[in-house]
Amino acid sequence: MLDALVAELDLEQKVRLLTGGTFWGTHAEPAVGLRSMLMSDGPSGVRGEHWDERDPSLNLPSASAMAATWDVAFAERYGAVLAAQARAKGVHAVLGPTINLHRSPLGGRHFECFSEDPLLSGALAVGFVRGVQRYGVAAVPKHFVANESETDRYTADVRADERTLREVYLAPFEMAVRDGGAWAVMSAYNSVNGATMSENDLLRDPLSAEWGLAGPVVSDWTAVHSTEASALAGQDLVMPGPDGPWGAALVEAVRAGRVPEAVIDEKVRRILWLAAKVGALGEEIVAPTTPPPDDGFAREAAAAGMVLVRNQGELPWPSAGPRSIAVIGQAAEVARTQGGGSARVVPLAVVPPLHGLREALPEAEIRYEGGAVITDGPLPLPPHALTNPVTGEPGVRARFLDTDGNEVSAEDRISTDLLWFGGGPAEATTLELSTRYRPETTGRTHIGVASVGRSTVFVDDAVALEADLTDPDAILGAGLFAPPSTSAPVHLTADRPVLLRVVHDLTSRAGGRTSSVSLSFGLEVRADDEDAEIARAAEAARTAEVAVVVVGTTARVESEGVDRTSLALPGRQDELVRAVAAANPRTVVVVNAGAPVLMPWRDEVAAILLAWFPGQDFGHALADVLLGVAEPGGRLPTTWPAAEADVPVLSTRPVDGALDYAEGVHVGHRGWLRAGREPAYPFGHGLGYTTWRFDDLVVPESVDAGAALPVTVRVTNTGARPGRQVVQVYLSRPETEIDRPVRWLAGFAVVGAEAGETIEVNVEVGARALAHWDGAWRYEPGAFLVHAGASSADLPLTGKVEAK
Ligand code: BGC
């Protein structure tokens, strides 16, 4: 039937469908009943067509947080909630999950990826994809393949041997396509072994030929630069549109016989196939099922992913809570719910830790101290203090002007942190924001602006700040998502409104004018006396029953477009923790970061809870966990190092354009084991609120090549509370001809048990865990050891199986 539709279209009509119609949508073709399909980032929420606070989205925990659940069924629920969001916003395809691996903890999009382990990443991807697609929305796993870091992201050439690609980096995509049944896949910006991914042979084989991807390979945004090479390679859809390197040039290439028309037909067929799946082809179909509502899911999800890595008997608090708490840290008030980049969504409201704790413990005496400022650009101004000078309503007037100063378009916005992602008028040359701001305090403060290019900030028509900021990657990279900022001192008086106006020269940006621009302004938090701030925080801790310090990174430190340069917490947060811990032995540290950070004070505090980028309901979830209403159910999806020098794979900087994955299959915990180094906390670690015993590992005596290996273990909850455990099974080979990891994750299962309860847990080890790639999947006969326990470093049980 699809072939018949393809046959109805002429070459121009067909080629037109192969480039986006807009920044986020595909072309419609009424001649065959094809409607436009809308795609949207996330994937920790669904932003929809506009990056706009007036059309907010549910902001769920980022991928590393979700992965910490190790729970495939939970990933499926997560996907279903995204499907509900997508359907509400008219979105047909969610651009995710991001299933590149945590190769180096410096990777800027680490927070957006699941894990360092291919099996864990792939299993969660399967759940996610199934959850989204069950409700008629496509998932688009990305970025295929080997897009593990951001440095030189458009050009870096990843050098990896076939075995490494197959066993490590392709593996999660294989699972997402074969087991999850993903309807589309996004190709990456980078090259692999000399060919950029939109022209790479891997698109045809294994992605389509071997794994059977039936839908289109969607390009990453602006990734396609060639006509024939990409068209011939199996790239199907060029995004964004409407312009691109295909169009007329591809029509010409077909006419000249350089690209067979059958190649075009196949691409059109894949797009029509996807359209049929998402209800964009033929009669409008009413989806057979309705996705579940998201009631309370953001809160539950945030708690489910929190990982308790250290607990000296401090947590959980009794349900009445402590009488007095010193809540410390800038992130306790300015919650970092997500990382930076295209993954960002605009939530309606965010619950910071401080608010969550105050709400949960109204009787407690809670004192807040910032302690250490992370100077990180201007913070948006609170909407209730802003008046739009044109409408008189709360908010900001945004105007796009042409060279003659004529208004091209105008918007009434609420936020002062604005980003037009493909939505700004390309013909405008100036962007002007204005608002009447009523300060809440009197004194000297800093007014700041963040954007690439020239901006002038006026306070009551006097120039307060002139900025000219540069970033080479202004188009779709750090310059857009984590733009440079500057600030200048101003004196403001409480309740005396001032007119703030920011005039931004759109022509001054590297890369010139595009329809994507980010501009934010507001006040920059600065410490006048940093030592005094830390001392005040320590004093607050000394006089309180317990201290909660929230430390972390920010969406600028962890962002698409840029890798981190250090694993240390920014600013003076380490000193802050040490000072607080010295003042109060009952110090709980909450780490609000999407990727590992160094915690040199980790043995000096009572408890450490990793909260990741937990999404919009951070504060409520944190209160639930501290008070034991919810168990911190998470286990580390990635190894947390104690020191940078120990990390087996750290650098993300290509050398002469090439990024050599020289470590081969020894990634993540496998690399740590091979190097014989101790991390701060190993892969798979997490304490929860109860204790466990593992007994009776049962494995068959032998396993046939290509067969799965059934494993059973008995686990007993030996503590006094119900709890959740992740039973982990690893394999090793005492004797082998192959360069294998010391041991590797082979299977896992989530169990819940009441206090005192014993459960027999079945963990299926898939055949693939026993295979290695050598031109094909092969099985080396001989003995495998089977290890079971609670983390990659805590494996009390060992069995043996003979592979035939
Ligand atoms: C990112 C993708 C994203 C796309 C559209 C790209 O820069 O790499 O992950 O889906 O932009 O926003």
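Now for a quick tour of the structure.

## Thoughts on the overall build of the chain
The secondary structure content of the chain amounts to 19 helices and 37 strands. A compact globule built from 804 residues would reach a C-alpha radius of gyration of about 28 Å, and the chain, at 27 Å, matches this within 12%. Principal-axis analysis of the C-alpha atoms places the extent of the chain at approximately 80 × 75 × 55 Å. Counting all 804 residues of the chain, 64% fall into the buried class. Sequence-distant contacts, at least 24 apart, represent 77% of the contacts inside the chain between residues at least 6 apart.

## A closer look at the sheet that holds strand β1 (residues 39-40)
Across the sheet, which stays open at both edges, the three strands sit in the order β1-β2-β3 with parallel pairing between neighbours. Either end of the sheet is taken by a strand with one partner, and the two such strands are β1 and β3 (138-139). Sheet topology places β1 next to strand β2 (residues 93-94); two bridges connect them, and they run parallel. Of the residues in β2, the one forming a bridge with S40 is V94.

## Comments concerning the site of the ligand
In the vicinity of the ligand lie 14 residues, with D41, R109, H143, Y189 and D220 positioned nearest. In the model, an oxygen atom of the ligand is placed 2.8 Å from a nitrogen or oxygen of the Y189 side chain. At a separation of 2.8 Å, an oxygen atom of the ligand approaches a polar side-chain atom of E560.

## Section: the nonpolar core
Counting 123 residues, the largest nonpolar core has F144 and W221 as its most contacted members. If sequence neighbours within four positions are ignored, F144 has contacts with L170, F173, V185, M186, S187, A188, M197, L202, L203, L207 and W211. Judged by nonpolar contacts, the second largest core, of 34 residues, contains A537, A541, V549 and A581.

## Considering helix α4 (residues 72-88)
With 17 residues, α4 ought to run about 24 Å at 1.5 Å a step, and its terminal C-alpha atoms sit 25 Å apart, in line with that. Against the buried residues of α4 lie α3 (63-67), β2, α5 (118-133) and α12 (297-305). Of the residues that open α4, the one with a side-chain oxygen 3.1 Å from the backbone nitrogen of A73 is D71. Just beyond α4, the residue with positive phi is G90, at close to 70°.

## A short note on the sheet that holds strand β27 (residues 658-660)
An order of β7-β6-β4-β27 is seen for the four strands of this open sheet, with the pairing classed as mixed. Two strands lie at the open edges of the sheet, namely β7 (195-196) and β27, each paired on one side alone.

## Thoughts on the pattern of salt bridges
Using the criterion set out here, one finds 58 salt bridges in the structure. Close ionic contact of D603 with R310 constitutes a salt bridge, the shortest N to O distance being 3.7 Å. Residue D603 is found in the loop between β25 (587-592) and β26 (607-610), and its partner R310 is found in strand β9 (residues 307-311); the two are separated by 293 residues along the sequence. A relative accessible area of 58% means that D603 is categorised as exposed. Looking at R310, the relative accessible area reads 15%, which means it is buried.

## Notes on the pairing of strand β23 (residues 517-524)
Most of β23 sits out of view: eight of its eight residues are buried. Strand direction decides the pairing type here: strand β12 (residues 379-380) and β23, joined by two bridges, are antiparallel. Note that in β23 the partner of P380 across the bridge is G522. Where strand β16 (residues 417-420) and β23 come together, four bridges link them in antiparallel fashion. The residue of β23 that forms the bridge with W420 is V517. Here strand β18 (residues 443-450) pairs with β23 via five bridges, running antiparallel. Pairing of I447 across the sheet is with L523, part of β23.

## Details of the packing of α4 against α5
Where α4 contacts α5, the two axes come as close as 6 Å, and the packing angle between them is 35°. The handedness of the crossing between α4 and α5 is right-handed. Contacts between α4 and α5 involve V72, A75, E76, Y78, G79, A80, L82 and A83 from the former and A123, L124, G127, F128, R130, G131 and V132 from the latter. Looking at the contact of α4 with α5, its residues break down into 10 nonpolar, three polar and two charged.

## Points about the packing of aromatic side chains
Tallying each qualifying case throughout the model produces 21 aromatic pairs. Between F74 and F297, the ring centres sit 5.3 Å apart and the planes meet at 20°, which makes this aromatic pair stacked. In this pair, F74 sits in helix α4 while F297 sits in helix α12, placing the two residues 223 residues apart along the sequence. Given a relative accessible area of 3%, F297 falls into the buried group. A connected cluster of aromatic rings, assembled from ring pairs, spans F23, W24, W51, W221, F421 and F481. The ring of W773 has R166 sitting right over it, with the charged end atom 4.0 Å from the ring centre. Across from the ring centre of W420, 5.5 Å away, lies the NZ or CZ of R413, which sits over that ring.

## Concerning the environment of E631
Along the polypeptide, E631 turns up in the loop between α18 (618-626) and β27. The class of E631 is buried, set by a relative accessible area of 18%. Taking the C-alpha atoms as reference points, E631 and M306, separated by 325 residues in sequence, lie 8.5 Å from one another. Once residues within four sequence positions are removed from consideration, E631 is found in contact with A303, G688, Y689, T690, G723 and R724. A polar side-chain atom of E631 sits 2.9 Å from the main-chain amide nitrogen of R724.

## Some thoughts on unusual backbone geometry
The peptide bond linking G96 to P97 adopts the cis configuration, its omega dihedral lying at 5°. With respect to the helices and strands, the residue P97 is situated in the loop between β2 and α5. Following M239, the chain continues to P240 via a peptide bond in cis, the omega torsion being -5°. Mapping P240 onto the fold places it in the loop between α9 (228-233) and α10 (247-255). Residue T222 is not a glycine yet carries a positive backbone phi of 70°. Looking at where T222 falls in the secondary structure, it is placed in the loop between β8 (217-218) and α9. The backbone of D461 sits at a positive phi, close to 70°, despite the residue not being glycine. Along the chain, D461 falls in the loop between β19 (453-459) and β20 (462-469).

## Remarks on the environment of V268
Mapping V268 onto the fold places it in helix α11 (residues 261-278). Given the relative accessible area of 0%, V268 is considered buried. Distance from V268 to V6, taken between C-alpha atoms, is 6.8 Å for residues 262 residues apart in sequence.

## Focus: the pairing of strand β31 (residues 723-732)
When you tally the buried positions in β31, you get 10 out of 10 residues, the bulk of the element. Burial along β31 is two-sided: the face carrying G723, Q725, V727, V729 and L731 and the face carrying R724, V726, Q728, Y730 and S732 are both buried. With nine bridges joining them, β31 and strand β32 (residues 744-753) adopt antiparallel strand pairing. Within the sheet, the bridge partner assigned to G723 lies in β32 and is A753.

Scoring rules and cut-offs
Residues numbered from 1 in each chain as written. Predicted model: local features only at pLDDT ≥ 70, side-chain atom pairs only at ≥ 80, totals over all residues. Heavy atoms only, no water. Helix = DSSP H or I, 4+ residues; strand = E, 2+ residues; numbered from the N terminus. Rg over C-alpha atoms; globule rule 2.2 N^0.38 Å. Buried < 20%, exposed > 50% of the residue type's maximum accessible area, 1.4 Å probe, protein only. Contact = heavy atoms within 4.5 Å. Pairing = 2+ DSSP bridges. Near = heavy atom within 4 Å. Polar contact = N/O pair within 3.5 Å; in protein donor to acceptor, adjacent residues only side chain to side chain. Core = buried A, V, L, I, M, F, W, Y, C linked by side-chain atoms within 4.5 Å. Expected span 1.5 Å × (residues − 1). Salt bridge = Lys/Arg side-chain N within 4 Å of Asp/Glu carboxyl O. Axes fitted to C-alpha atoms, helices over the stretch in contact; angles between N-to-C directions. Left-handed = near helix turned anticlockwise from the far one by under 90°. Nonpolar A, V, L, I, M, F, W, Y, C, P; charged D, E, K, R; others polar. Phe/Tyr/Trp six-rings, centres within 6.5 Å; stacked < 30°, edge-to-face > 60°. Lys NZ or Arg CZ within 6 Å of the ring centre and 35° of its normal.

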